[in-house]
Amino acid sequence: ALDCAATCEFFKSGLNDTYRVRDRSASYYLRVYVHGWRELHDIEAEVELLNHLHAHRLSVSHPIATRDGDYILPLRACEGIRYAVLFSRARGRMSEETDHRSYVYGRLAGQIHVCADRLPHTLERFHIDHELLLDSPLRAVQRLLAHRPRDYDYLSDIAGQLKARVDELLPKELPEYGICHGDLNRTNVHFRDDDTPTVFDFDCFGYGWRAYDLAVFGWQAGDFGWSKAAKANRTRRWNLFLKGYEECRALSADEHAAAKIFPPIRQIWNMGLYATKSARMGHDGRVDETFDWSIQSIRTWIDYYSVL
């Protein structure tokens, strides 16, 4: 329980609102979910998963119970009920990407997947499938691309081809398909001084292809650039991430192939997220510029890695 000297200050707004809570002994982070973003059962599943991982001594930010033993607090807001959960601080800090950190991050991702498979029952959570990754994002961006029908048609056509390739390679069953963090990018992990990683922000977790979970790291590894150095860094660090992962769970040849297919899918999902956030929070006036960069990234990735 927090002591009476605890303070709470606004930290940031993103998909949800986050507050930093401090008392005399520790720091925590309070997430206040945006109304309508997650259903109560989604948040209950997130709490259950994190408690399971924490009980098995995995290094993740975990929920903190109230004095009454509850984890989820309903808050009355003008737009309706919003839910709040207090999480432990992810020890360490956001650190520069290195080869060793890529490796240990991958190993922790593998431990999370293996441990999640030991849950005694299925959690009531959404699926990170074609609907969530491609169909829904395309519907979200259609309005913002109404004046660019050729670009929208390109995305629609590419999405269909990417879906077909995934379906050729991957089943929707364990161990290829199961609980995924959903957002294993480098902003959701902190490293201590000894490079021990702690993963946080499981808000996007769901049931999906594990190759997608790994591809989120590969999509961003070595930065988003296409210079010779950036491509070399991406390849090396993604391979080290996969090496760490495979110390916990071996990947099939088809999963390795699919991992190269998912980054452009992730980019389309990200475009949909941008459109959804813009509808709620407004946009920065650079919609065309943002979409230009995203579409070019998709084209370049597909060509460079011979995805299709």
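As a reminder, the structure under discussion sits directly above these lines.
Fair warning: this is a prediction, and the values are worked out from it, not measured in the lab.

Undergrad: What is the right way to look at the sheet that holds strand S2 (residues 17-22) in this model?
TA: Backbone-to-backbone hydrogen bonds join strands into a sheet, with any given pair of strands oriented parallel or antiparallel. With respect to topology, 5 strands assemble into an open sheet ordered S1-S2-S3-S5-S4, the strand pairing being antiparallel. The open sheet has two edge strands, strand S1 (7-13) and strand S4 (73-77), and neither has a second partner. Geometrically, the sheet is characterised by an average inter-axis angle of 30° between neighbouring strands, direction not taken into account. Here strand S3 (residues 27-32) runs beside strand S5 (residues 80-88); their pairing, made up of 5 bridges, is antiparallel. Residue pairing in the sheet places Tyr28 in a bridge with Ser88 of S5. Contacts between helix H1 (residues 40-55) and the sheet are confined to S3 and S5, with S5 contributing the most and set at about 10° to the helix.

Undergrad: How should I be thinking about the nonpolar core in this particular structure?
TA: One recurring pattern in soluble globular proteins: nonpolar side chains tend to sit buried together. The biggest cluster of nonpolar side chains holds 82 residues, and the ones touching the most others in it are Leu49, Leu155, Phe202 and Phe262. In contact with Leu49, not counting residues within four places along its chain, are Ala116, Leu119, Leu123, Ile179, Phe202 and Phe205. In this structure, Val21, Val32, Ala84 and Leu86 belong to the second largest nonpolar core, which totals 6 residues.

Undergrad: Can you help me understand the sheet that holds strand S6 (residues 127-128) in this one?
TA: Strand order in the open sheet made by the 3 strands is S6-S10-S7, with mixed pairing throughout. The sheet is open, and its two edges are formed by S6 and strand S7 (177-180), each paired on a single side. Judged from the 2 bridges that link them, S6 and strand S10 (residues 206-209) form a sheet pairing that is parallel. Looking across to S10, one finds that His127 is bridged to Tyr207.

The rules behind these values
Residues numbered from 1 in each chain as written. Predicted model: local features only at pLDDT ≥ 70, side-chain atom pairs only at ≥ 80, totals over all residues. Heavy atoms only, no water. Pairing = 2+ DSSP bridges. Helix = DSSP H or I, 4+ residues; strand = E, 2+ residues; numbered from the N terminus. Axes fitted to C-alpha atoms, helices over the stretch in contact; angles between N-to-C directions. Contact = heavy atoms within 4.5 Å. Core = buried A, V, L, I, M, F, W, Y, C linked by side-chain atoms within 4.5 Å. Buried < 20%, exposed > 50% of the residue type's maximum accessible area, 1.4 Å probe, protein only.

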